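Okay, here's what each chain looks like letter by letter:
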Amino acid sequence: MSGSGANPFAQFQESFTQDGSVYKYFDLPSIDNKYDSLPFSIRVLLESAVRNCDNFHVLEKDVQSILGWTPSLKQETSDVEVSFKPARVILQDFTGVPAVVDFAAMRDAVRQLGGNPEKINPICPADLVIDHSVQVDFVRSSDALTKNESLEFQRNKERFTFLKWGARAFDNMLIVPPGSGIVHQVNLEYLARVVFEKEDSSDGSKILYPDSVVGTDSHTTMINGLGVLGWGVGGIEAEAVMLGQSISMLLPEVIGYKLEGKLGPLATSTDLVLTITKHLRQLGVVGKFVEFYGPGVAELSIADRATISNMCPEYGATVGYFPIDENTLSYMRQTNRSEKKIDIIRQYLKATRQLRDYAREDQDPQYTESVTLDLSTVVTSVSGPKRPHDRVSVSSMCADFKSCLTSPVGFKGFAVPPSALTASGEFQWDDGKTYRIGHGSVVIAAITSCTNTSNPSVMLGAGLLAKNAVEKGLSILPYIKTSLSPGSGVVTYYLRESGVIPYLEQLGFDIVGYGCMTCIGNSGPLDENVVNTIEKNGLVCCGVLSGNRNFEGRIHPNTRANYLASPLLVIAYAIAGRVDIDFETEPLGVDANDKEVYLRDIWPTRSEIQEVEHKHVIPAMFQEVYSKIQLGSKDWQTLEVSDGKLYPWSGISTYIKRPPFFDGMTRELPQIKSIEQARCLLLLGDSVTTDHISPAGSIARRSPAARYLSERGLTPRDFNSYGSRRGNDAVMARGTFANIRLVNKLASKTGPNTLYVPSGEEMDIFDAAERYAGEGTPLLLVVGKDYGSGSSRDWAAKGPFLLGIKAVIAESYERIHRSNLVGMGIIPLQFLPGQSAETLNLTGRELYNIALPDGELKPGQRIAVEADGVVFETTLRFDTEVDITYYKNGGILNYMIRKMLGD
């Protein structure tokens, strides 16, 4: 559809003048009297549609559809599709590297097809934060930070050089150098605008509009705590947004989550978020917006709100949104945003009725459904041992863990036989002492950058608890691998100024780096004596971390049980040395006078923590840290990079490789064909996460990826991690489905194995896929519910594409992963309600035929599948017309190349 480009809502543009500058904005309330009943999150979608309406990319009917949002809208039956153009894109290092790789490869493809390669350039502002994954090799030393970061710079020099080239080659792209912090915290403290200012080239005035963002990490949602609407997308979809494409989405339900009361004096934001996560998972909010309201919200700091929003992927919603209020603006002042900027934001938000007063019920909009939580009911909690929404109150933790030991294998069970419940083992440590560990022993305790280090209250709380513990003479056993990885330099600043760092260090919580570490599987090796004792005795040992995710096999192969906890509880369990402790009745240890010390004796109250926070978390810290953030370290500054617009690909690099996604691409659309005589590569159950699919963590020495690297002269010490090699498709394809905890029903054992059906051989998944490819056999996956939950990893779709996967048949999908599959040209099919591989007696050994219609594909249509004579219907999970357009082109990036060639 083509249009004149004139905005049909131009007459609703208003302006105000401040300090001689004219600021324009769209007066949303005057467009329709329905406006005040809309949830605040929907108002952001509306503003984007109004401002960008050109009846080409964004249609007038998109505006009317958003204005027509009602509480009665149900996603299960809704087909209301709208377009959304985010204000900006944020790229995490892990997914930023392949994004820049793809952009570089797209330039090559455009050149080869006779177009102008420099058209491939970000249009939407892109911020790429190199929050590089740091493996925690060095701990418990004053120079652990320096050693870890130096080692990581050596390992990743080529990758960093490539990104620095990208910052020069592509316009409208900001690179935040390594060592600056975790992407989400840098976004919250520095990059977020709250309200955007864009110059109007026609008259020099400024156009104001809400900040909104999509990012290549599912925890992009953290920014919703600041009132910035944002969520995670796959790297593939983010690249399209960077190239000026709107996101096509179904208008969401909005669940109102009302908060009342106040948190108790011993409760933390982590306890609150684990409570909310379990509640919302039970409620069922996948694909929905959650918007928080009620007087209890005003009691929460922005850091508290950001912690809740950060865990949004764990409760399954698209966003967990906190509308902007005066506390938001106070946070901007605290984080050194200018007073002039804050005044302009306030004026704009008041004019468009987007500034919230949580105490005023008359401002409460309508919601699809509302639920309520009394903050005073929140108790100290952890979550685990295998999923973030399996909350356990600390008071019942001891009994719960013992129950998990004997329960059948599952999310809450390890099936330890009765005869092995008292199993334990001894080993000797460097201090010459002998130590004993058993089921429940803590071997990893990590305060990580994921969620909680955005929150001064829990970080300072951990510091105060450490101080109290040290003063009582408590310590942590030397074999427990302890670490502290802050989310930004500001955290180090206020921990130092408040005087708690020496106490943290005395307990072993030295700062080891800034970035994704233990929480992403880069916990580094455990001591061999510990590992041997665990394996020899079949022990269920534990990791305790202040992160987002504790999926099986993610943290470390030898910590079968992993618990999410506040930084305070991470230290508490590390001191205890085990998770099967009842803190109420059992002491942590004894003081110098042999008097028993309980957790309650060292736990700081919320008011004590807030007093320290108000004194030490000040604007000057943020100004000091972020005034020089773009300079980077000396190592970064001295990196020499090419100035060319086309990347000089190296044929021998094992880090950066031109991907094959565009090989053989033509200007014309490929013909759509049915899938015939396909084999099932994997038969999987429920809750298969992107951790199971996407390459992550260390590269196992006997894996296909290891063989590939060894053939190129690398030794295991140089393998590095999958995360660091995301720019090399050959490594990543070999690491797809390489998770050691993958349960494939076609294989006889857990791990990255499958059955090559024609011969009956079991082999590595990549090897089987390669053999099928050599025969020209298309492949598919048959899976259960919630396929692709977890992080928004583009390689969870790119990897299967490179393995030859043409379609996935699932009982249900997580939102981002379904979108990523479409973006790579993989067909997502869904079993009809009540049907599954089990009900249809599918074994995975069948030959599959998927009949695609000769005519036009339609969103949600029925598609017949035949498997060795068994015929069943599935739902085509192309949810929008845009999905179909991408599929016809062979994927979203191919579509963008053809579009650039046609412009």
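Residues numbered from 1 in each chain as written. Predicted model: local features only at pLDDT ≥ 70, side-chain atom pairs only at ≥ 80, totals over all residues. Heavy atoms only, no water.

Engineer: I'd like to hear about the overall build of the chain, residue by residue, with values.
Structural biologist: Each helix and strand in the chain was counted, giving 29 helices and 34 strands. Computed over its C-alpha atoms, the radius of gyration of the chain comes to 27 Å, within 12% of the 29 Å expected for a compact globule of 903 residues. Principal axes of the C-alpha set define a box for the chain whose edges measure 85 × 75 × 55 Å. Per-residue burial for the chain yields a buried fraction of 63% across its 903 residues. The long-range fraction of contacts in the chain, counting pairs at least 24 apart against all pairs at least 6 apart in sequence, stands at 75%. (Helix = DSSP H or I, 4+ residues; strand = E, 2+ residues; numbered from the N terminus. Rg over C-alpha atoms; globule rule 2.2 N^0.38 Å. Buried < 20%, exposed > 50% of the residue type's maximum accessible area, 1.4 Å probe, protein only. Contact = heavy atoms within 4.5 Å.)

Engineer: I'd love a proper account of the sheet that holds strand E2 (residues 21-26), names of residues and values included.
Structural biologist: The strand order across the open sheet formed by four strands is E1-E2-E8-E7, and the pairing between neighbours is mixed. Among the strands making up the open sheet, the edge pair consists of strand E1 (13-18) and strand E7 (195-199). Geometrically, the sheet is characterised by an average inter-axis angle of 30 degrees between neighbouring strands, direction not taken into account. Of the strand pairs in this sheet, E2 and strand E8 (residues 206-210) are connected by two bridges, and their pairing is parallel. The partner of Lys 24 across the bridge, within E8, is Ile 207. Sheet strands touched by helix H1 (residues 40-52): E2 and E8. Its angle to E8, the strand with the most contacts, is close to 145 degrees. (Pairing = 2+ DSSP bridges. Axes fitted to C-alpha atoms, helices over the stretch in contact; angles between N-to-C directions.)

Engineer: Please give an account of the pattern of salt bridges that cites residues and values.
Structural biologist: Counted under the stated rule, the structure contains 47 salt bridges. With its nearest N and O atoms 3.1 Å apart, the salt bridge here joins Asp 643 to Arg 168. Here Asp 643, found in the loop between helix H21 (634-637) and strand E26 (675-683), pairs with Arg 168, found in helix H4 (residues 144-169); they are 475 residues apart in sequence, far enough to count as distant. The exposure class of Asp 643 is exposed, given its relative accessible area of 64%. With a relative accessible area of 44%, Arg 168 lands in the partly exposed category. Among the salt bridges present, the one from Arg 356 reaches Asp 364, with a minimum N-O distance of 2.6 Å. (Salt bridge = Lys/Arg side-chain N within 4 Å of Asp/Glu carboxyl O.)

Engineer: Give me the sheet that holds strand E31 (residues 827-831): which residues, what numbers.
Structural biologist: By definition, the strands of a sheet pair up through backbone hydrogen bonds, in either a parallel or an antiparallel sense. Within the closed barrel, the seven strands sit side by side as E26-E29-E30-E31-E34-E33-E32. Their pairing is mixed. Shown here is a sheet whose adjacent strand axes are inclined to one another by a mean of 40 degrees, direction ignored. Inspection of the sheet shows E26 paired to strand E29 (residues 779-782) by four bridges, in the parallel sense. If you follow Arg 679 over to E29, its bridge partner there is Leu 779. Packing against the sheet, helix H25 (residues 765-774) makes contact with E26 and E29, and its axis sits at approximately 170 degrees to E26.

Engineer: Explain the packing of helix H3 (residues 93-112) against H4 residue by residue, including any values.
Structural biologist: Two elements in contact, H3 and H4, have axes separated by 10 Å at closest approach and are oriented at 55 degrees. With respect to H4, the axis of H3 lies oblique. As H3 runs across H4, the sense of the crossing is left-handed. Within the contact between the two elements, H3 uses Asp 93, Gly 96, Val 97, Val 100, Val 101, Ala 104 and Arg 107 and H4 uses Arg 159, Phe 160, Phe 162, Leu 163, Trp 165, Gly 166 and Ala 169. (Parallel < 35°, antiparallel > 145°, perpendicular 65-115°, else oblique. Left-handed = near helix turned anticlockwise from the far one by under 90°.)

Engineer: Give me the lowdown on helix H7 (residues 269-283), citing residues and values where you can.
Structural biologist: Because the α-helix completes a turn every 3.6 residues, residues three or four places apart line up on one side. Given a rise of 1.5 Å per residue, 15 residues ought to cover 21 Å, and the 21 Å separating the end C-alpha atoms of H7 matches this to within 8%. Following H7 by one or two positions, Gly 284 adopts a phi angle in the positive range, close to 90 degrees. (Expected span 1.5 Å × (residues − 1).)

Engineer: An account of the nonpolar core is needed here, citing residue identities and associated values.
Structural biologist: Grouped together as the largest cluster of nonpolar side chains are 156 residues, with contacts concentrated most on Trp 231, Leu 681, Phe 737, Tyr 787 and Val 808. With ten residues, H3 is the single largest residue contributor to this core. Sequence-distant contacts of Phe 737, defined by excluding residues within four places in its chain, comprise Leu 682, Leu 684, His 692, Ile 693, Leu 742, Pro 752, Ile 765, Leu 781, Tyr 787, Pro 800 and Leu 803. (Core = buried A, V, L, I, M, F, W, Y, C linked by side-chain atoms within 4.5 Å.)

Engineer: Explain the packing of aromatic side chains to me, using residue names and the numbers behind them.
Structural biologist: In this structure the tally under the stated criterion is 31 aromatic pairs. Seen from their ring centres, Tyr 257 and Phe 292 are 5.3 Å apart, and the 55 degrees between their planes marks the pair as tilted. Taken together, the residues Tyr 257 in strand E12 (residues 254-260) and Phe 292 in strand E13 (residues 289-293) connect sequence positions 35 residues apart. A relative accessible area of 0% means that Tyr 257 is categorised as buried. On the basis of relative accessibility, which here comes to 0%, the residue Phe 292 falls in the buried class. Between Tyr 787 and Tyr 813, the aromatic rings sit 6.4 Å apart at their centres with planes inclined by 75 degrees, giving edge-to-face as the arrangement. With Tyr 787 in the loop between E29 and helix H26 (795-803) and Tyr 813 in the loop between strand E30 (805-810) and helix H27 (815-823), the pair connects residues that are 26 residues apart, well separated along the chain. (Phe/Tyr/Trp six-rings, centres within 6.5 Å; stacked < 30°, edge-to-face > 60°.)

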